[in-house]
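Now for the letters of each chain:
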Amino acid sequence: MERVLARLIEWRERLRQHVVESHPAAWLTCCAIVVFAVVFGSLGVQNHRNFGTWAYDMAIYDQGFWQVSRGGSWMSVRGMDFWGHHVNLVAILFAPFYWLGAGPSFLYVAQAILLGLAAWPVYLIARDAFRTPWMGLVFAVVYLLYAPVQWISWAMFHPEALVIFPFLFAWWFATKERWTAYFVMVVLALSTREDVALAVMMMGIVVAVHMRSAPDYRRVRSMAIATFCLGGLWYLVATKLVLPAFNDWEEPFYITYFYGHYGDTAGQVITTMIDRPDRVISDAVQHDRLVFYKQMSWPMGWTFLLNPLGLLMALPQLLASVITLTPYARMIRYQYTSVMIAPVLISSIYGAKVLWRWQPAKILLPIWLLGCAYVTNVAWSPSPLGTEQNYAVWSVNQPRHDSLREALTYVPDDAGVVATYQLGPHLSQRDHIYDWPNPFMPHYWGNDNCDNLPSPTVVDYAVLDLTQIDDPNNPGANTTLLQNMIAPGGPFEVVFMDSNVVVAKRVGSSPEVDVQPQQDSCQVLESRRAAG
């Protein structure tokens with residue numbers, strides 16, 4: 001016991017000494033991190049409380065994390081097993097918080113804190129590269145003002161958003177040749193999502209080249225090879241074993257959903273890219289891609305162009321964003337930039353270092369970097385500094401929200417529920433929560449088929465925002481379904497209703513509600529799949 005107390009006292013003294021001796025730039029970086037975490041954490045909580053979060057993806061991850069914390073894994077919101085959707089091992093680290101009652105607000109706050117804390121390894125990398133803490137502070141501020149990072153803070157919660165912190169720390173530990181800490185951070189990065197493994201493989205290559213002048217380069221090379229192999233092995237295990245095993249032995253859902261025009265499997269997609277580079281180039285120079293490159297680059301002052309090596313680590317995700325069918329993957333407003341951000345930072349730091357030998361750069365470079373970061377933040381970010389239009393994405397309280405909040409009070413904690421997409425995240429911690437009109441009619445369910453679609457009789461309550469009932473792709477069908485549900489003698493009885501929302505409780509069953517809609521819509525899906 002005395003030895004333990006002695007060690008604790010020793011650690012306390014070392015910490016106190018470290019704090020006292022810290023450079024003012026380090027203190028200012030810490031202050032900036034706190035400001036970021038407080039601002040975006042509170043905005044995230046506000047966004048959720050005022051119904052600004054959606055079933056896709058906040059309810060997906062809230063239910064998924066809740067299920068993992070209880071030893072389960074089925075996500076009824078998505079119609080998939082949690083481990084067949086993505087391999088987000090980081091969910092296990094969140095389990096203790098879910099035992100204590102964590103939910104969407106906690107996820108928003110945790111994400112904001114970890115995004116903010118990523119400024120610390122940015123500070124360390126830049127401090128060491130420029131050999132002055134003040135440039136560490138400059139790049140930390142540039143990172144915290146980076147519009148894509150701030151948009152990630154808004155775009156619900158996504159496990160891959162957490163990759164920036166361990167990825168940057170892994171790089172810094174590699175430059176210090178602290179290999180145990182390095183691999184701890186690499187493993188944490190891999191735990192966020194399976195495709196991070198591709199960036200980790202590239203990190204192995206970049207570390208080997210970047211540190212080629214290290215005194216113990218043989219050791220560096222061994223660690224770089226181990227990194228490449230670890231990333232490659234984990235990618236194969238995750239995508240060829242884990243995901244298929246929990247997804248009815250189907251390819252990961254996003255292959256056909258995002259890349260079906262290149263092939264039906266990951267191998268076919270890669271083969272098409274190799275055989276038809278003209279298609280990749282054609283996609284890469286489309287207008288929306290050029291806008292994306294500009295918005296990712298201007299906040300960093302384009303300094304990565306002077307040392308683009310680190311961009312190899314962003315290349316797999318960048319290629320995925322360039323060729324995908326979904327436009328959201330190449331917009332800075334969404335989480336798809338997460339895996340690219342750390343490599344862009346690393347390249348920008350070492351690119352700016354090239355200019356540092358030029359004496360005027362010691363004055364002009366910080367001004368240029370901070371100027372680019374500030375101007376682009378005002379123009380493109382959802383921060384309080386941004387334009388009124390961008391800042392307005394954070395949901396604020398409205399009179400109609402009182403009705404929505406009252407509606408939620410009518411639903412028992414253990415009831416099976418179907419809810420419209422902005423109410424779903426407020427009801428997601430249960431075994432049966434469905435995004436309207438599932439399971440009555442399949443809608444973005446599973447692998448876009450009716451596999452594992454349960455009988456609608458599992459739904460005890462319907463909680464529906466009346467402004468979100470209809471589907472533009474199937475006009476009138478959802479309204480007809482609701483009318484049949486709550487019609488006199490129908491299977492649901494209205495327990496609360498006003499001009500904004502309806503809450504209906506199941507009191508029976510009918511073929512018009514519980515059989516025919518699902519049967520008809522599943523036949524349409526099957527016909528579509530059969531037609532290719």
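Just so we're clear, the structure is a prediction, and the values are computed from it rather than from any experiment. (Residues numbered from 1 in each chain as written. Predicted model: local features only at pLDDT ≥ 70, side-chain atom pairs only at ≥ 80, totals over all residues. Heavy atoms only, no water.)

## Looking at the overall build of the protein chain
Reasoning step 1: Scanning the protein chain for helices and strands turns up 25 helices and seven strands.
Reasoning step 2: The C-alpha atoms of the protein chain give 25 Å as radius of gyration, which agrees with the globular expectation for 532 residues (24 Å, within 12%).
Reasoning step 3: Referenced to the eigenvectors of the C-alpha coordinate spread, the extents of the protein chain come out at roughly 80 × 55 × 55 Å.
Reasoning step 4: Residues classed as buried in the protein chain amount to 55% of the 532 residues present.
Reasoning step 5: A sequence separation of at least 24 residues applies to 70% of the contacts in the protein chain between residues at least 6 apart. (Helix = DSSP H or I, 4+ residues; strand = E, 2+ residues; numbered from the N terminus. Rg over C-alpha atoms; globule rule 2.2 N^0.38 Å. Buried < 20%, exposed > 50% of the residue type's maximum accessible area, 1.4 Å probe, protein only. Contact = heavy atoms within 4.5 Å.)

## Describing helix α16 (residues 277–284)
Reasoning step 1: For α16, the full list of buried residues reads Val280, Asp283 and Ala284. In an axial view of α16, the angular spread of the buried residues amounts to 100°, which keeps them on one side of the axis.
Reasoning step 2: Residues of α16 that are buried in the fold lie against α15 (266–275), α17 (287–297) and α18 (315–323). (Arc of directions from axis to C-beta.)

## A few points about the pairing of strand β6 (residues 492–497)
Reasoning step 1: By the bridge criterion, five bridges tie β6 to strand β7 (residues 501–506) in an arrangement that is antiparallel. Looking at the pairing, Glu493 lines up with Lys505 of β7.
Reasoning step 2: Connecting β6 to the antiparallel partner β7 that follows it, the hairpin turn spans three residues. (Pairing = 2+ DSSP bridges.)

## Focus: helix α20 (residues 361–380)
Reasoning step 1: Taking 1.5 Å of rise per residue, the 20 residues of α20 would be expected to cover 28 Å, and the 27 Å separating its terminal C-alpha atoms lies within 8% of that figure.
Reasoning step 2: For α20, the set of buried residues is Ala361, Leu365, Pro366, Leu369, Cys372, Ala373, Thr376, Asn377 and Trp380. In an axial view of α20, the angular spread of the buried residues amounts to 135°, which keeps them on one side of the axis. The outward face of α20, more than 90 degrees from its buried face, is lined by the exposed residues Ile363, Ile367 and Val375. (Expected span 1.5 Å × (residues − 1).)

## Brief notes about the environment of Val141
Reasoning step 1: Its location among the elements puts Val141 in helix α8 (residues 133–144).
Reasoning step 2: A relative accessible area of 24% places Val141 in the partly exposed class.
Reasoning step 3: Val141 sits 126 residues away from Gly267 along the chain, and the two C-alpha atoms are 41 Å apart.

## Overview of the side chain of Gln317
Reasoning step 1: Structurally, Gln317 can be placed in helix α18.
Reasoning step 2: Sequence-distant contacts of Gln317, defined by excluding residues within four places in its chain, comprise Asp195, Tyr336, Val339 and Met340.

## A short note on a nonpolar patch on the surface
Reasoning step 1: On the surface, a nonpolar cluster with roughly 340 Å² of combined accessible area is contributed by Ile205, Val209, Phe228, Leu312 and Leu315.
Reasoning step 2: Take Val209: it is sitting in helix α12 (residues 196–210).
Reasoning step 3: Judged by its relative accessible area of 33%, Val209 falls in the partly exposed class. (Patch = residues over 30% accessible without salt bridge, like charges linked within 9 Å, V, L, I, M, F, W, Y side chains within 5 Å. Areas by Shrake-Rupley, 256 points an atom, 1.4 Å probe, with all protein chains shown as cover. Salt bridge = Lys/Arg side-chain N within 4 Å of Asp/Glu carboxyl O.)

## Digging into the sheet that holds strand β5 (residues 461–465)
The strands that make up a sheet are held in pairs by hydrogen bonds between backbone atoms, and each pair lies either parallel or antiparallel.
Reasoning step 1: Sheet architecture is open: five strands sit in the order β4-β3-β5-β7-β6, paired in mixed fashion. What marks the edges here is a single partner per strand, and that holds for β4 (433–435) and β6. With direction set aside, neighbouring strand axes in the sheet form an average angle of 20°.
Reasoning step 2: Against the sheet, helix α22 (residues 401–408) touches β5, β6 and β7, its axis set at about 10° to β7.
Reasoning step 3: Contacting β5, β6 and β7, helix α23 (residues 477–486) crosses the sheet at an angle of about 100° to β6. (Axes fitted to C-alpha atoms, helices over the stretch in contact; angles between N-to-C directions.)

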